[in-house]
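What the coordinates show
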Amino acid sequence: MAHINAHYNKLAAGYLFPEIARRTEIFLEKHPGTRVRKLGIGNTTEPLTPAVIKGLKAGVDKLASPETYTGYGDEQGNKLLRERLALYYTERGVSLSSEDFFISDGAKSDSGNIQSIFSSDSIAAFQDPAYPVYVDSNVIAGRSSGFNKDKEEYNNFVYMPCTKENNFIPEVPDQKVDLIYLCSPNNPTGAVATHDQLKSFVDYARKHKAVLIFDAAYAEYISDPALPKTIYEIDGAKECAIEINSLSKFAGFTGVRLGWSIVPGDLIIEGTTPGEVRKLWNRRQSTFFNGASNIVQEGALAVFSKEGLQESKNLVQYYMENAQTIREGVESVGMQAFGGINAPYIWLEIPSGLTSWEFFDKLLLETGVIGTPGSGFGPAGEGYFRLSAFGHHKDIKAAVESIKNNLRL
Ligand SMILES: *Cc1c(COP(=O)(O)O)cnc(C)c1O
């Protein structure tokens, strides 16, 4: 008799984005013809840049002739791409080998899958609020006995609250944990960890032989040169950190799909020698995954060409202009906004004691703007609200105008 993986039953019901869609639908039924403006989901809206289109087309053309055709590629991904990535990190003062890189179809799958190479009794710690896949993948793997409705927390997990008091970057756990998920610049708060803050996590991880799982999906949104763009800028990080990144938010690859993980050969955990953890991730990936599309890997190489990098930086700049528009707009109506400076998310403190979902309904009703309730990212997100800077300039401007003219605070 087959049974389902019962850990799935532990997942707290009502996933965020379906619930947003449901409420929006009800709103539109009641108010037909209303123009809703979406500042909710973090999805890119601008076209791929010319250099990338050229690279993708070249990738297609290669498949058209027997001389250049390729089937399955290198296990860890196109060697040229891995070498180019290693060079990109070298340019930031970080030395990594192309063997440390694993090309994938995106950062979401890697951040969900990475936990599978660690012991099932590992204690995992998470920023709260956080991108949901870190917590959910550990629930599905059986590391929690269930969801505690009163605390709005999963049992057995260590939550690291990100609050106004700590500028939304948490302290290291005050107990011993094994896996620590960090995301900087952070989704949803837009906060970026400083060098010193990351150093405290690296020191903690080395002391306790814990592993940092560092999601750098928004690294290219950092404009402040003092802020670290990769965990490996911190001394000692190669011994304790895995970094996950992708071209989704940097180069508009949300639909194209291309990411990478870095598992340094130097990484060591309890009972392993250097290289063993990297080998394990290779084993996991080569068992369950047959590589990113060869066409897409050509497109990724084009992102890292001179033109591609410039165009991608312009793309980031485009979204960051939206972030500024949103930040200035909400501040002009007297709301307190965080993030949006080195990240494409603006994290609003909700005034007048409303819950995140109450504010969602109010904002939609009064302004037609759809955002994301902070509580959907974890208990410490309650009372906050995320606005996303991904959108066309004119749509973002219209949404902000509507907030300025119609929101009654
Ligand atoms: C968007 C996002 C990603 C990127 O996921 P892909 O699968 O590469 O599209 C990763 N982490 C965070 C926190 C994100 O917001």
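Here the residue numbering is sequential within each chain, running from 1 through the sequence in written order. It should be noted that, the model being predicted, local features are given only for residues of pLDDT at least 70 and side-chain atom pairs only at 80 or more, the latter also being counted only at that level, while totals for whole chains, interfaces and linings use all residues. As a convention, hydrogens and water are excluded, and side-chain values are obtained from all of the structure's heavy atoms.

Moving on to the pattern of salt bridges. Salt bridges, as used here, are contacts in which a Lys or Arg side-chain nitrogen is within 4 Å of a carboxyl oxygen on Asp or Glu. Scanning the entire structure with this criterion turns up 20 salt bridges. As a salt-bridge pair, E366 and K362 come within 3.1 Å of each other at their nearest N and O atoms. In this pair, E366 and K362 are both assigned in helix α11 (residues 356–367), 4 residues apart and thus about one turn of the helix distant. In this pair, the class of E366 matches that of K362, namely buried. In this structure, a network of salt bridges that share partners links the residues E19, R22, R23 and D361. Helix and strand assignments follow DSSP, with helices taken as H or I runs no shorter than four residues and strands as E runs no shorter than two, numbered in order from the N terminus. Only protein chains enter the accessibility calculation, which uses a 1.4 Å probe. A residue is then buried if its area is under 20% of the maximum for its type, exposed if over 50%, and partly exposed in between.

Attention now moves to the pairing of strand β9 (residues 241–246). For β9, the buried fraction is high: 6 of the 6 residues fall into the buried class. By the alternation rule, side chains of β9 split into A241, E243 and N245 and I242, I244 and S246, which are all buried. In terms of strand pairing, β9 meets strand β10 (residues 259–262) through 4 bridges, oriented antiparallel. Counterpart to S246 in the pairing with β10 is G259. Here the rule is simple: two strands pair whenever DSSP picks up at least two bridges between them.

A few words now on the site of the ligand. In the vicinity of the ligand there are 14 residues, among which D215, Y218, S248, K249 and R257 approach most closely. Here a polar contact is recorded for every N or O atom pair within 3.5 Å, except that within protein the pair must consist of a potential hydrogen donor and a potential acceptor, and residues adjacent in sequence are included only if both atoms are side-chain atoms. Contact distances for the ligand include 2.6 Å between an oxygen atom and a side-chain N or O atom of S248. Between the ligand and K249, the relevant distance is 3.3 Å, taken from an oxygen atom to a side-chain nitrogen or oxygen of the residue. Residue-level accessible areas treat just the shown protein chains as cover; the underlying method is Shrake-Rupley with a 1.4 Å probe. For the ligand, whose free accessible area comes to 380 Å², the fraction covered by protein is 95%. A cavity here means a set of points on a 1 Å grid, drawn over the protein atoms and nothing else, where a 1.4 Å probe fits but cannot get out; a pocket is an open set with protein on both sides within 12 Å along at least five of seven lines, and a residue lines either one if it has an atom within 4 Å of a point. Occupancy of a cavity or pocket is assigned to a molecule whenever over half of its atoms lie within 2 Å of that pocket's grid points. In a pocket analysis with a 2 Å cut-off to the grid points, the ligand is assigned to the second largest pocket. Looking at the shell around the ligand, the elements with two or more residues in it are α4 (107–113) and α7 (248–251). Classification used: nonpolar for Ala, Val, Leu, Ile, Met, Phe, Trp, Tyr, Cys and Pro, charged for Asp, Glu, Lys and Arg, polar for all others including Gly. When its residues are assigned to classes, the shell around the ligand shows 6 nonpolar, 4 polar and 4 charged. One heavy atom within 4 Å of a molecule or strand is enough for the residue carrying it to be called near that molecule or strand.

Another point: empty space enclosed by the protein. Grid points are joined across faces, edges and corners, and a volume is the space filled by probe spheres set on the points. Within this structure, the stated rule accounts for 2 cavities of 30 Å³ or more. Put simply, the largest cavity is a space of about 80 Å³. The wall of the largest cavity is formed by 15 residues, among which E220, N245, S246, F250 and W260 lie closest to the centre. If you list the elements that add at least two residues to the lining of the largest cavity, you get α3 (79–90), β9 and α7. Among the residues making up the lining of the largest cavity, the classes are represented as 10 nonpolar, 2 polar and 3 charged. Of the voids in this model, the second largest cavity is the one considered here, and its volume is about 30 Å³.

This part is about α3. Compared with the 16 Å implied by 1.5 Å per residue over 12 residues, the 16 Å span of α3 between its first and last C-alpha is a close match. By the burial criterion, the buried members of α3 are L81, R82, R84, L85, A86, Y88 and Y89. Buried positions along α3 lie against β2 (101–104), β9, α7, β10, α9 (294–303) and α10 (306–332). The N-cap residue of α3 is N78: its side-chain oxygen and the backbone nitrogen of L80 are 2.8 Å apart. Each residue after the first adds 1.5 Å to the expected span of a helix. Only heavy atoms enter the contact rule, under which two residues are in contact if any of them lie within 4.5 Å.

This part covers the environment of E307. As for its position among the elements, E307 is in helix α10. A C-alpha to C-alpha distance of 28 Å links E307 and Y72, two positions 235 residues apart in sequence.

Turning our attention to the domain arrangement of the protein. Per the domain assignment, the segments of the protein are domain 1 (7–47 + 308–406) and domain 2 (52–305). What counts as a domain boundary in this text is fixed by an automatic or database domain assignment. Spacing between the C-alpha centres of domain 1 and domain 2 amounts to 25 Å. Taken together, the contacts link 38 residues of domain 1 with 49 residues of domain 2. Throughout, the accessible surface (probe 1.4 Å) given up by two parts as they are put together, summed over both, is called the buried area. Area buried by domain 1 at its contact with domain 2 is led by K10, L309 and N342, which between them contribute 20% of it. Inspection of the domain 1/domain 2 interface yields 1 salt bridge. K164 is the salt-bridge partner of E349, the closest N and O atoms lying 3.2 Å from each other. Taken together, domain 1 and domain 2 are joined by 14 residue pairs in polar contact (both at pLDDT 80 or more). Looking at the side of domain 1 that touches domain 2, the elements that each hand over two or more residues are α10, β11 (336–339), β12 (345–349) and β15 (384–388). By residue class, the composition of the side of domain 1 that touches domain 2 is 20 nonpolar, 13 polar and 5 charged.

What follows deals with the nonpolar core. Only buried residues count toward a nonpolar core, which is a set of Ala, Val, Leu, Ile, Met, Phe, Trp, Tyr and Cys residues joined through side-chain atoms within 4.5 Å. Grouped together as the largest cluster of nonpolar side chains are 91 residues, with contacts concentrated most on L212, I231, L247, L258 and W260. In terms of residues, this core owes the most to one element, α10, which gives 8 residues. Looking at this core, you find at least three residues from each of domain 1 (7–47 + 308–406) and domain 2 (52–305). Among all residues touching L212, those that are not within four sequence positions of it are I180, L182, F201, V202, A205, I231, C240, A241 and I242. V139, Y154, Y159 and L267 belong to the second largest nonpolar core, which has 27 residues in total.

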